[in-house]
Amino acid sequence: MLFKGGGLPHESLALQEKLFGAGPDYNFMTRIERFKNSLVRVQHFIRCCARYNLHDHADKKWFEGVAFPNEVSVLGPHSGMFIPTLKEQGSEEQIQKWVPQAEKHQIMGTYIQTELGHGTFVRGLETTATYDPKTEEFILNSPTLTSIKWWPGGLGRTCNFGIVMALLYIDGKNYGMHPFVVQLRSLKTHEPLPGLTMGDIGPKFGFDTVDNGYLQFNHFGIPRENMLMKYCQVLKNGTYTKQTRNPKFSYGAMIFVRSMVVYEVAGQGLAKACTIAIRYSAIRRQSELKKSRPEPQILDYQTQQYKLFPLLALAYAVWFTGVRMKEIYFMVNNEIKQGHTERLPELHAISSGLKAFTTSMASWGIERCRLACGGHGYSAASGLPKIYVNATGGCTYEGENTVMLLQCARFLMNIYGGVKNGRRPSGSVNYLGERISSRCTLTSEFTLKSLADAFKHRAARMIKEASERLNRLQASGNDPEDSWNLNSVVLTKAAEAHCHYYMVLVFESVVESVEDNCVKDILRQLCQLLALCGIQENSGDFIQDGFLNNDQLELVKQKQLSLLSEIRPNAVLLVDAFEFHDVQLGSILGRFDGNVYENLFKWAKKTPLNKPEDLIHRLLR
Ligand SMILES: CCCCCCCCCCCCCCCCCCCC(=O)SCCNC(=O)CCNC(=O)[C@H](O)C(C)(C)COP(=O)(O)OP(=O)(O)OC[C@H]1O[C@@H](n2cnc3c(N)ncnc32)[C@H](O)[C@@H]1OP(=O)(O)O
Ligand SMILES: Cc1cc2nc3c(=O)[nH]c(=O)nc-3n(C[C@H](O)[C@H](O)[C@H](O)COP(=O)(O)OP(=O)(O)OC[C@H]3O[C@@H](n4cnc5c(N)ncnc54)[C@H](O)[C@@H]3O)c2cc1C
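Throughout this document, residue positions are counted from 1 along each chain, in the order its sequence is written. Just so you know, chain letters begin at A and ligand numbers begin at 1, following the order they were written in. The predicted origin of the model limits local features to residues at a pLDDT of at least 70 and limits the giving and counting of side-chain atom pairs to 80 or more, whereas totals for whole chains, interfaces and linings rest on all residues.

By the naming in an unreviewed UniProt entry, the protein goes by Acyl-coenzyme A oxidase and is assigned to Paralvinella palmiformis. UniProt positions are given in the numbering used here, feature names are shortened, and annotations may be inferred rather than shown by experiment. Quoted verbatim from the Cofactor (unreviewed entry) field of UniProt, the annotation for the protein is "FAD". What UniProt records for the protein under Subcellular location (unreviewed entry) is the sentence "Peroxisome".

**Describing the UniProt feature "active site" (unreviewed entry) in the protein**
In this numbering, the UniProt entry assigns the feature "active site" (unreviewed entry) to Glu398. Secondary structure elements are defined from DSSP: runs of H or I of at least 4 residues count as helices, runs of E of at least 2 residues count as strands, and each element is numbered from the N terminus. The residue Glu398 is located in the loop between helix H11 (384-391) and helix H12 (401-420) in this model. This entry defines residue contacts through backbone-placed C-beta atoms, with two residues in contact when those atoms are within 7 Å. Apart from the residues lying within four places of it in its own chain, the contact partners of Glu398 are Met254, Val257, Arg258, Val261 and Lys355.

**A word on the site of ligand 2**
Being near a molecule or strand means, for a residue, that its backbone-placed C-beta atom lies within 6 Å of it. Around ligand 2 there are 23 residues in total, and Gln113, Thr114, Gly119, Thr120 and Thr402 lie nearest to it. Secondary structure elements with two or more residues in the shell around ligand 2: strand S1 (109-112) and H12. A domain-level breakdown of the shell around ligand 2 finds at least three residues from each of domain 2 (92-241) and domain 3 (252-289 + 296-422 + 449-575). For the purposes of this description, domain bounds are those given by an automatic or database domain assignment.

**Regarding unusual backbone geometry**
With a phi angle near 60 degrees, Ser292 is a residue other than glycine that sits in the positive phi range. Burial is judged by counting other C-beta atoms within 10 Å of a residue's own C-beta: 20 or more means buried, 12 or fewer means exposed, and anything between counts as partly exposed, with every C-beta placed from the backbone. According to the C-beta neighbour criterion, Ser292 is exposed, with 5 such atoms within 10 Å. Unusually for a residue other than glycine, Glu398 sits at a positive phi of about 60 degrees.

**Focus: the packing of helix H7 (residues 252-283) against H11**
Between H7 and H11, whose axes approach to 10 Å, the crossing angle comes to 165 degrees. As far as their axial angle goes, H11 and H7 are roughly antiparallel. Crossing of H7 over H11 shows left-handed handedness. Taking contact as the criterion, the partners of Val265, Gly269, Lys272, Ala273 and Ile276 in H7 are, on H11, Leu384, Ile387 and Ala391. Here the residues of the contact of H7 with H11 are counted per class, giving 6 nonpolar, 1 polar and 1 charged. Between N-to-C directions, angles cover 0 to 180 degrees, with each direction set by a line fitted to C-alpha atoms, over the stretch in contact for helices. If an angle is under 35 degrees, it is roughly parallel; if it is over 145, roughly antiparallel; if it lies from 65 to 115, roughly perpendicular; otherwise it is oblique. Should the near helix be turned anticlockwise from the far one by less than a right angle, the crossing is termed left-handed; should it be turned clockwise, right-handed. Under this grouping Gly is polar, as are all residues other than the nonpolar Ala, Val, Leu, Ile, Met, Phe, Trp, Tyr, Cys and Pro and the charged Asp, Glu, Lys and Arg.

**Concerning the UniProt feature "domain: Acyl-CoA oxidase C-terminal" (unreviewed entry) in the protein**
Per the UniProt record, the feature "domain: Acyl-CoA oxidase C-terminal" (unreviewed entry) sits at residues 448-612. Within the segment residues 448-612, helix and strand shares are 76% and 0% respectively, and the terminal C-alpha atoms sit 61 Å apart.

**Examining the site of ligand 1**
Near ligand 1 there are 36 residues, and of these Gly80, Val122, Lys248, Tyr251 and Gly399 occur at the shortest range. Of all the elements in the fold, those that place two or more residues in the shell around ligand 1 are helix H4 (57-67), helix H5 (75-89), H7, helix H9 (344-372) and H12. The dominant element in the shell around ligand 1, judged by the number of residues it contributes, is H7, at 7 residues. Of the residues assigned to the shell around ligand 1, the class counts are 18 nonpolar, 12 polar and 6 charged.

**Digging into the pairing of strand S9 (residues 220-223)**
Every other side chain in a regular strand lies on the same face of the sheet, so the side chains alternate between the two faces. Side chains of S9 alternate between two faces, with Phe220 and Ile222 buried and Gly221 and Pro223 left unburied. In terms of strand pairing, strand S3 (residues 137-141) meets S9 through 4 bridges, oriented antiparallel. Residue pairing across strands places Ile139 opposite Gly221, the latter belonging to S9. Two strands are said to pair when DSSP picks up at least two bridges between them.

As structure tokens, this is what we get:
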């Protein structure tokens with residue numbers, strides 16, 4: 001209950017649904033079967049929403065976790081991007097018109113931004129929406145090959161609506177990128193409407209249950225009322241008006257998903273992988289520690305603990321950080337709705353930075369969990385390949401991670417520059433205004449405060465040095481853009497150091513808030529391990545300016561190793577505490593009852609390659 005709050009009743013309801021719990025094994029299906037199976041589940045999910053009166057997004061999420069384990073369904077882009085964008089960017093009238101239909105799934109939508117030639121560089125998008133005052137329509141067009149929309153989830157076969165991001169042209173003038181609601185398919189026949197060429201983009205690394213698609217517009221007209229007009233309006237006569245506003249408001253959907261991905265993708269993915277690897281390591285016995293004694297559980301090998309416990313600590317850290325990120329998003333978004341936009345740059349920076357930092361760490365961590373399971377980890381039965389291929393998508397979608405770190409760095413450079421000019425920073429960057437001690441206070445006690453301070457020192461120093469290096473590059477004759485590029489590796493590292501500090505700080509604050517002393521002690525150990533591993537893995541950053549010396553580094557190593565033994569007795573309980581049901585894990589290795597071998601054998605016997613009458617059998621005969 002530490003994590004799940006009020007979610008459990010809905011999860012139990014979902015688990016009672018036969019269609020979600022049983023059915024064909026995902027691993028034995030072709031891509032088309034996977035997609036069809038997911039659509040059947042989508043329809044059943046929609047029926048369940050009606051039956052159980054599920055309106056609240058959080059309640060629906062509990063159902064989705066059971067209905068679509070470790071995968072994204074077409075409901076992801078619909079409820080995660082289409083509906084939020086309508087709500088955030090539509091006028092009251094537009095919200096009234098489309099949101100109820102979308103929430104009842106009478107229309108299914110997606111978010112159509114990326115093109116064949118451009119994903120990262122949003123200002124480079126080419127799709128045009130040209131206003132014609134005679135017909136009072138926008139004419140959507142794909143003027144080049146590279147302007148064909150490419151990637152949107154659900155576009156290929158499923159969605160009948162989409163929000164298309166396109167350049168608004170009136171009277172030959174380009175007003176920049178704006179969102180348009182576009183009907184794509186007939187509500188009767190589901191055929192694409194005339195003027196649209198669309199389909200699925202083909203097999204991918206993961207995301208088998210999503211029909212990521214392409215879309216080419218051939219002078220396709222949509223009513224004037226279909227431009228989302230909360231912030232900008234085009235009047236019938238073609239007059240363009242806009243509220244005094246930040247032009248980046250049209251990027252709002254991206255901030256929302258980035259903020260959610262930290263918990264939903266990185267936090268959940270890594271916690272599931274750790275659950276599987278740690279449970280399995282308690283079941284698996286191999287080799288001998290002592291002659292003539294039973295083979296030990298592999299979890300008793302220090303090297304296995306060294307692989308897995310830091311990842312367990314990381315899973316907790318990312319989980320807590322993800323929860324905090326969501327809170328911050330909703331808080332700042334409420335402020336923005338009331339006209340206070342001061343914290344938008346910080347929200348953009350922290351959501352970009354944490355999205356990148358946590359999905360990269362989680363992706364790396366899930367793969368480490370798979371390796372830690374030896375041969376059986378390589379089998380699809382472990383569930384780990386599916387978790388990996390879907391979670392690692394988070395490193396690319398919603399802003400490629402390097403690019404996102406650079407956005408975070410841009411904000412950090414702005415703030416640091418401001419501090420130099422006497423401005424006081426606040427929120428997640430207030431430490432940049434503090435006098436940071438150059439003396440390391442770490443002792444063998446390793447208090448959480450002293451550990452967080454070490455990360456604060458590292459982040460502040462790396463941000464300062466990145467800023468000074470940028471200034472030096474400019475002073476030596478490079479223009480600002482070249483200086484930025486020549487400094488970009490250093491900048492991404494400064495952004496990572498900032499996010500790392502933020503994550504340690506969040507974990508520390510969670511530990512401090514826990515009242516139960518026993519739970520507090522265990523979480524403190526995990527937080528210490530997270531921080532100590534962070535110091536050791538990045539030791540160069542901590543010793544470069546003499547902040548940490550060799551003796552202290554030796555203490556760090558010793559404490560890390562002693563924590564492994566301290567955490568060992570609680571390791572399985574710590575993953576059980578995530579409370580993933582077997583259906584959600586989709587893993588034979590991670591089964592709660594531990595019956596791994598028996599079920600691996602049963603599973604292998606079911607594999608389609610073992611069917612007697614197939615082409616292979618005839619060829620081999
Ligand atoms: C309880 C509720 C639960 C709900 C859960 C439901 C959610 C589910 C989530 C789970 C998801 C799982 C399913 C996911 C399915 C996959 C979905 C994937 C969808 C997509 O990928 S959509 C396409 C996404 N595309 C991108 O992200 C493109 C990335 N590129 C950009 O964003 C921009 O091009 C970039 C890189 C930011 C640059 O923009 P540009 O306009 O060129 O800006 P500058 O670099 O010049 O900077 C100028 C200035 O603007 C500031 N800025 C930039 N962006 C923003 C922003 N978004 N907001 C505010 N400010 C911004 C920037 O910092 C600069 O500021 P200065 O002050 O320095 O001038
Ligand atoms: C699973 C999945 C689902 C998706 N769903 C959707 C969707 O629903 N809707 C939608 O519109 N889009 C969607 N996308 C597209 C996605 O948003 C883009 O792929 C993503 O934003 C990255 O852009 P890109 O492909 O142009 O990468 P690129 O920009 O081509 O990246 C390639 C490399 O170039 C580097 N690079 C690029 N620009 C810079 C820079 N300025 N500085 C330094 N390095 C740089 C990157 O770091 C990277 O290493 C999806 C993508 C995936 C993988």
